[in-house]
Amino acid sequence: MNRNILLIEPNYKNKYPPMSLMKIATYYKLLGDHVTFFKGKLQDLVLNDTYEALLKQLYENDASIFWEKYKPEICKYLKKGSSEEFYKIPLVEESLIINSLLKYYRRYFRNKEYFYPENRIYDKIAITTLFTFYWDITIDTIKFAKQLCKDEKNVLVGGVMASILPNYIKKETNIYPIIGPLIKPKMLGDDNNIIIDSLPLDYSILEEIDYVYPANNGYLAYMTRGCINKCKFCAVPKLEPEYKDYLPIAKQLKLDEKVFGSKRNLLLLDNNVLASSRFNDIIDNIKLAGFSKDSTYIEPNIFEIAIKNLKKGLNDKAYIKCIVKEYKRLIKKLGKNAQEIYDLLDKYYLLNADTATKKSILDTYDMVKDKFELLYSKRPRKRYVDFNQGIDARLITEDNMKKMAEIPVQPVRIAFDNWKMHKIYEKAVRIAVKYGHKNLSNYLLYNFEDTPLELYKRLKLNVDLCEELNASIYSFPMKYHPIEDPDYFSNRDYIGKHWNRKFIRTIQAILNSTKGKVGKGKSFFEEAFGKNEQEFEKLLYMPEVMIIYRFYYKNNGITEKWWKCFNSLPQKKLNIAKNIIESNDFSSYELEIFDKDILNLLSYYKITRDDAEKHFNNKNVKKSKSNN
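Residues numbered from 1 in each chain as written. Predicted model: local features only at pLDDT ≥ 70, side-chain atom pairs only at ≥ 80, totals over all residues. Heavy atoms only, no water.

Novice: Please explain the overall build of the protein chain as it appears in this structure.
Specialist: Across its full length, the protein chain carries 27 helices and 12 strands. C-alpha atoms of the protein chain, sized along the principal axes, occupy 85 × 60 × 60 Å. Split into buried and exposed, the 628 residues of the protein chain put 50% on the buried side. By sequence separation, contacts in the protein chain at least 24 residues apart represent 73% of the contacts at least 6 residues apart. Each charge class in the protein chain can be summarised by its mean position, and for the 103 positive and 82 negative side chains these summaries are 3 Å apart. (Helix = DSSP H or I, 4+ residues; strand = E, 2+ residues; numbered from the N terminus. Buried < 20%, exposed > 50% of the residue type's maximum accessible area, 1.4 Å probe, protein only. Contact = heavy atoms within 4.5 Å. Lys, Arg positive; Asp, Glu negative; His and termini not counted. Charge placed at Lys NZ, Arg CZ, Asp CG, Glu CD.)

Novice: Would you mind showing me how to read the side chain of R225 here?
Specialist: Checked against the element boundaries, R225 lands in the loop between β5 (218-221) and α9 (236-239). Among the polar contacts listed, one links the side chain of R225 to the side chain of D197, at a separation of 2.7 Å. Apart from the residues lying within four places of it in its own chain, the contact partners of R225 are K23, P181, D197, E240, E242, Y243, K244 and L247. (Polar contact = N/O pair within 3.5 Å; in protein donor to acceptor, adjacent residues only side chain to side chain.)

Novice: What am I meant to see in the side chain of R550 here?
Specialist: Note that R550 resides in helix α23 (residues 550-555). Despite its burial, R550 remains without a salt bridge, the nearest opposite charge being carried by E527 at 4.3 Å. Reaching out from R550, the side chain makes a polar contact with the backbone oxygen of A528 at a distance of 3.2 Å. Within the local environment of R550, its side chain forms a polar contact with the backbone oxygen of I547, the two atoms lying 3.4 Å apart. If sequence neighbours within four positions are ignored, R550 has contacts with I510, E527, A528 and L539. (Salt bridge = Lys/Arg side-chain N within 4 Å of Asp/Glu carboxyl O.)

Novice: For this particular structure, what's the right way to read unusual backbone geometry?
Specialist: In most cases, non-glycine residues show a negative phi, while peptide bonds are predominantly trans. That bond from Q410 to P411 is cis: its omega, -5°, falls within 30 degrees of zero. Positionally, P411 belongs in the loop between α16 (398-404) and β10 (412-413). With a phi angle near 60°, N2 is a residue other than glycine that sits in the positive phi range. Locating N2 in the fold gives a position in the segment before β1 (4-8). The exposure class assigned to N2 is exposed, which follows from its relative accessible area of 64%. With phi around 55°, N470 is a residue other than glycine that occupies positive phi space.

Novice: Where do I start with the pairing of strand β6 (residues 265-268) in this structure?
Specialist: Remember that side chains alternate between the two faces of the sheet whenever the strand is regular. Bridge count between β5 and β6: four bridges; the pairing is parallel. Along β6, the bridge assignment pairs G218 with N265. Strand direction decides the pairing type here: β6 and strand β9 (residues 385-387), joined by three bridges, are parallel. Residue pairing across strands places L266 opposite V385, the latter belonging to β9. (Pairing = 2+ DSSP bridges.)

Novice: What exactly am I supposed to notice about helix α19 (residues 501-513) here?
Specialist: Residues lying three or four places apart along an α-helix face the same way, a consequence of the helix completing one turn every 3.6 residues. Spanning 13 residues, α19 covers 19 Å between terminal C-alpha atoms, matching the ideal 18 Å at 1.5 Å per step. Every buried residue belonging to α19 is among K502, F503, I504, T506, I507, A509, I510 and L511, and all of these are buried. Where α19 begins, one side-chain oxygen reaches toward the backbone nitrogen of K502, 3.1 Å away; that side chain belongs to N500. One or two residues past the end of α19 sits K515, with phi positive at roughly 60°. (Expected span 1.5 Å × (residues − 1).)

Novice: What's the story with the packing of helix α2 (residues 42-61) against helix α5 (residues 96-110) in this structure? I'm lost.
Specialist: A pair of packed helices is characterised by two quantities: the angle between their axes and the separation of those axes. For the pair α2 and α5, interaxial distance at closest approach is 10 Å and the crossing angle is 160°. Put simply, α2 runs roughly antiparallel to α5. Taken as a pair, α2 and α5 cross one another with a handedness that is right-handed. Across the interface between the two elements, Q43, V46, L47, T50, A53, L54, Q57, L58 and N61 of α2 pack against I97, I98, L101, L102, Y105, Y108 and F109 of α5. Tallied by class, residues from the contact of α2 with α5 come to 12 nonpolar, four polar and no charged. (Axes fitted to C-alpha atoms, helices over the stretch in contact; angles between N-to-C directions. Parallel < 35°, antiparallel > 145°, perpendicular 65-115°, else oblique. Left-handed = near helix turned anticlockwise from the far one by under 90°. Nonpolar A, V, L, I, M, F, W, Y, C, P; charged D, E, K, R; others polar.)

Novice: Help me out: how do you make sense of the pattern of salt bridges in this one?
Specialist: Where side chains of opposite charge bring their charged atoms close, a pairing between them can arise. Within this structure, the stated rule accounts for 42 salt bridges. Put simply, K358 and D316 hold a salt bridge, and the shortest N to O gap is 3.3 Å. One end of the pair, K358, is in helix α15 (residues 358-368); the other, D316, is in helix α13 (residues 316-334), with 42 residues separating them in the sequence. Look at K358 and you get partly exposed, because its relative accessible area is 26%. D597 is the salt-bridge partner of K573, the closest N and O atoms lying 3.1 Å from each other. Of this pair, K573 sits in helix α25 (residues 571-583) while D597 sits in helix α26 (residues 596-603), and the two are 24 residues apart along the sequence. Classification of D597 as partly exposed rests on a relative accessible area of 33%. One continuous salt-bridge network, built from bridges that share partners, spans R3, D33, K124 and D190.

Novice: Hey, could you run me through the state of the cysteines in this one?
Specialist: Between two cysteines, a covalent bond joining their sulfur atoms is known as a disulfide. Under the criterion given, the structure shown has zero disulfides. The thiol sulfur of C227 is not disulfide-bonded, and the nearest other cysteine sulfur, from C231, lies at 6.3 Å. (Disulfide = S-S within 2.5 Å.)

Novice: What exactly am I supposed to notice about the sheet that holds strand β2 (residues 34-38) here?
Specialist: The strands that make up a sheet pair up through hydrogen bonds in the backbone, lying either parallel or antiparallel. In spatial order, the strands read β2-β1-β3-β4; together these four strands make up an open sheet with parallel pairing. Only two strands of the sheet have a single neighbouring strand rather than two, namely β2 and β4 (155-159). Going across the sheet, the axis of each strand differs from the next one's by a mean of 20°, ignoring polarity. As paired strands, β1 and β2 are joined by five bridges and run parallel to one another.

Novice: What is the right way to look at the packing of helix α20 (residues 522-529) against helix α21 (residues 533-541) in this model?
Specialist: Taken N-terminus to C-terminus, the directions of α20 and α21 make an angle of 45°; their axes are 8 Å apart at the nearest point. The angle between α20 and α21 falls in the class oblique. Contacts from E526, A528 and F529 in α20 reach E535, F536 and L539 in α21. A breakdown of the residues in the contact of α20 with α21 according to their chemical character gives four nonpolar, no polar and two charged.

Novice: Looking at this structure, how should I read the packing of aromatic side chains?
Specialist: Each aromatic ring pair is described using two quantities: the centre-to-centre distance and the angle formed by the ring planes. A full pass over the atoms with the stated rule returns 41 aromatic pairs. When the centroid spacing of 6.3 Å and the interplanar angle of 85° are considered together, the rings of Y219 and F291 count as edge-to-face. Of this pair, Y219 sits in strand β5 while F291 sits in the loop between α11 (279-288) and β7 (296-297), and the two are 72 residues apart along the sequence. Y219 gets classed as buried once you look at its relative accessible area, which sits at 2%. Assessed through its relative accessible area of 0%, F291 is described here as buried. In this structure an aromatic cluster arises from ring pairing among Y104, Y105, Y108, F109, Y114, F115 and F144. We note R492 situated over the ring of F133; from NZ or CZ to the ring centre the distance is 3.6 Å. (Phe/Tyr/Trp six-rings, centres within 6.5 Å; stacked < 30°, edge-to-face > 60°. Lys NZ or Arg CZ within 6 Å of the ring centre and 35° of its normal.)

Following this line, the structure appears as structure tokens:
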């Protein structure tokens, strides 16, 4: 069809690549369309589009200049109108046409003429969405993209947030999104029978962007869809209402390996894999895909894979960018011995993706290919499988844990959503460990219907199980917020019925010091969360700065003074103070509170991080002076 397709993921930070857009990329390429993937600042997208339009005009008027060499100066001029950058560009003083072209496109960009209907270059735009608390950036992205599409009816919005809040998105953008996975033909409006959700992922589009996904060396897949449960806090029944119990992946992964090279790990996003009546088939298919218990991975020659795909024309922009990255890695690897290869690549302008060309890469290929053998390790490394969304403790049995031991699952993620199921959870952990699954992890939902003390008890149970079973369990407390409530879906302000702002801040302050996770180690846990329930409750009310800078305030005696002051208040006064402390707002209580004992206690909560930082900075300055 030769349409110009733009795929956008909003510029939020996220761990996993957008599988839906990777499948949509495959779909449009099958139809013969030109596909661009973008994630970043949208102004950079239109700046680059403006530059490309100008570049075409510059070459039509003077092909003797290698204009790509001057992209930094041209883009700075287009963006800011800087005369200093303008006069660094060739022929601006000698050629009236070149001069006029640059000034025309500067006005074009400044006046946002790329939004004018006659200047829009994209035939279709598909935008994915993720969490509802990314509401603002997602809505802004959709509104911006609407102005880039030739016909606003061809702006397609889908994904998690879109499926959960379609009516709200319609109200804000006048676009009614596509709900759920693309499991039927014609869901994107084309008249064909292709089911997009069944298509392979186009991993090449990830090379088009500067953003690097943390989970970037694994195959992404589902082996089941949906979930048999209807948990009140979960959106899966709405996102994937029909449970599908077996989606084999081995054949597709082998094809992916031929095109994109092998990947070390397998990331499975199933929401309840143990509910499948074909669980044994799932494990056997994973083994067939190359992920048996003792399977290993050897890093592929990324350079050769990129060259192969560049020759085939699979995604020139992506593979040119990928190859330039590999050139830079090679130079770094060679160190003092890199001069010869550096000079060659520099001569052909191959050290920058903006100046590197397909022709120059292929022309120099024979001169550099042997060097790349040094870059890729031949050491076998273990492969791992990750059922990333966790498995259901209620469905764990001796049989399925024994079967799962045939593949290298690490970590085994077992859901532990509330304290009421602690006996079921504990039994599940013991069964898993019995069959060799000693690296475990779980997400602990809090701020839902639980109490803070129940969160502590779940965390402590994991630490105790680690010690008893000689296992490793990493807990990741995850704060609940209602994703369909209009008061809360676009923010993270929701407070559960047993929680308050201070308790939430206490948990967040502790997790900041533990980098969001709680692992094995009883002494570390007791220092972070308290040796017992009473110490944990003390932490809940402790001033935040004394949690973050725990040892400093403990050692200088201020924490002890606060606690003595806290406990010295009569119950009636303490209740008044607690109401203010639990609000976590200490900006104006002096207007209402006049009791000197309460004011004395609340003064500890006015100590800020800046106060602590000033102390440490002054201490470092004095230390530096004494050393001099």
